[in-house]
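The residues making up each chain are set out below.
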Amino acid sequence: KKECLQSVVCAVSIFSEGKSEASYSEAVRRLTALGAKVSSNVHKRVQYLMATNEAVQQRTQRVRKAIKYNVPIVSIDYITACEELGHAPRNHTDFSLHVVDHKDNTSAIRQKGKEKQIPDQKEVLRP
């Protein structure tokens, strides 16, 4: 149970008014206890970004980088599922969070003066 995320590299993005530091530290502690390596930045070797709905809606820097590098964005609930099951859930897509832009159903990400259009899923799968 303890090492169910052994050798998984992930990052965490929490956005909540007032208690983001404590929530972030708690998520990192829980992931480390499960054997994951937690990166403070999102890069090509990161396998998952664990995020809250608020972080996705606010398009935090880590969320934008995850989109740029095609890193799956999964709900923080994934950590709880790992703890309860004693192993990683078979399908991380059950916990997927998707960035939605209600204007034209695409995300515009600014990269050095250019805009990159990224098609999105229609809704957030996890509340």
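Definitions and cut-offs
Residues numbered from 1 in each chain as written. Predicted model: local features only at pLDDT ≥ 70, side-chain atom pairs only at ≥ 80, totals over all residues. Heavy atoms only, no water. Pairing = 2+ DSSP bridges. Helix = DSSP H or I, 4+ residues; strand = E, 2+ residues; numbered from the N terminus. Buried < 20%, exposed > 50% of the residue type's maximum accessible area, 1.4 Å probe, protein only. Arc of directions from axis to C-beta. Salt bridge = Lys/Arg side-chain N within 4 Å of Asp/Glu carboxyl O.

With that settled, the discussion passes to the sheet that holds strand 4 (residues 73–75). Sheets are built from strands that pair by backbone hydrogen bonding, the pairs being arranged parallel or antiparallel. Taken in spatial order, the four strands make up an open sheet running 2-1-3-4, and their pairing is parallel. Taken across any chain shown, the strands that pair with only one partner, and hence form the sheet edges, are strand 2 (37–38) and strand 4.

Turning to helix 3 (residues 61–68), a few remarks are in order. Those residues of helix 3 that sit buried are Val63, Ala66 and Ile67. For helix 3, the angular spread of buried residues about the axis comes to 100°, placing them on one side. Asparagine 70 occupies a position one or two residues after helix 3 and carries a positive phi of about 55°.

In terms of burial, strand 1 (residues 9–13) is largely enclosed, as five of its five residues are buried. With two bridges connecting them, strand 1 and strand 2 associate as parallel partners. Bridge assignment links cysteine 10 to a residue of strand 2, and that residue is valine 38. Pairing of strand 1 with strand 3 (residues 48–51), which is carried by four bridges, proceeds in the parallel orientation. Bridge pairing in strand 3 links serine 13 to alanine 51.

Looking now at the pairing of strand 3. Of the two faces of strand 3, both are covered, the one formed by Tyr48 and Met50 as well as the one formed by Leu49 and Ala51. Where strand 3 lies against strand 4, three bridges are found, and the strand directions are parallel. By the bridge assignment for strand 4, leucine 49 is matched with isoleucine 73.

Turning next to the pattern of salt bridges. Opposite charge on two side chains allows them to pair when their charged atoms are near. The final tally for this structure, using the stated rule, is two salt bridges. Across the pair glutamate 26 and arginine 29 runs a salt bridge whose closest N-O atoms are separated by 2.8 Å. Of this pair, glutamate 26 and arginine 29 both sit in helix 1 (residues 20–33), separated by three residues, roughly a single helical turn. Glutamate 26 gets classed as partly exposed once you look at its relative accessible area, which sits at 36%. According to the relative accessible area criterion, arginine 29 is partly exposed, its value standing at 47%. Residue arginine 30 is joined to glutamate 83 by a salt bridge in which the shortest nitrogen-to-oxygen separation is 2.8 Å. With arginine 30 in helix 1 and glutamate 83 in helix 4 (residues 77–85), this pair connects stretches of sequence that are 53 residues apart. According to the relative accessible area criterion, arginine 30 is buried, its value standing at 18%.

Shape is all these values report; function is a separate question.
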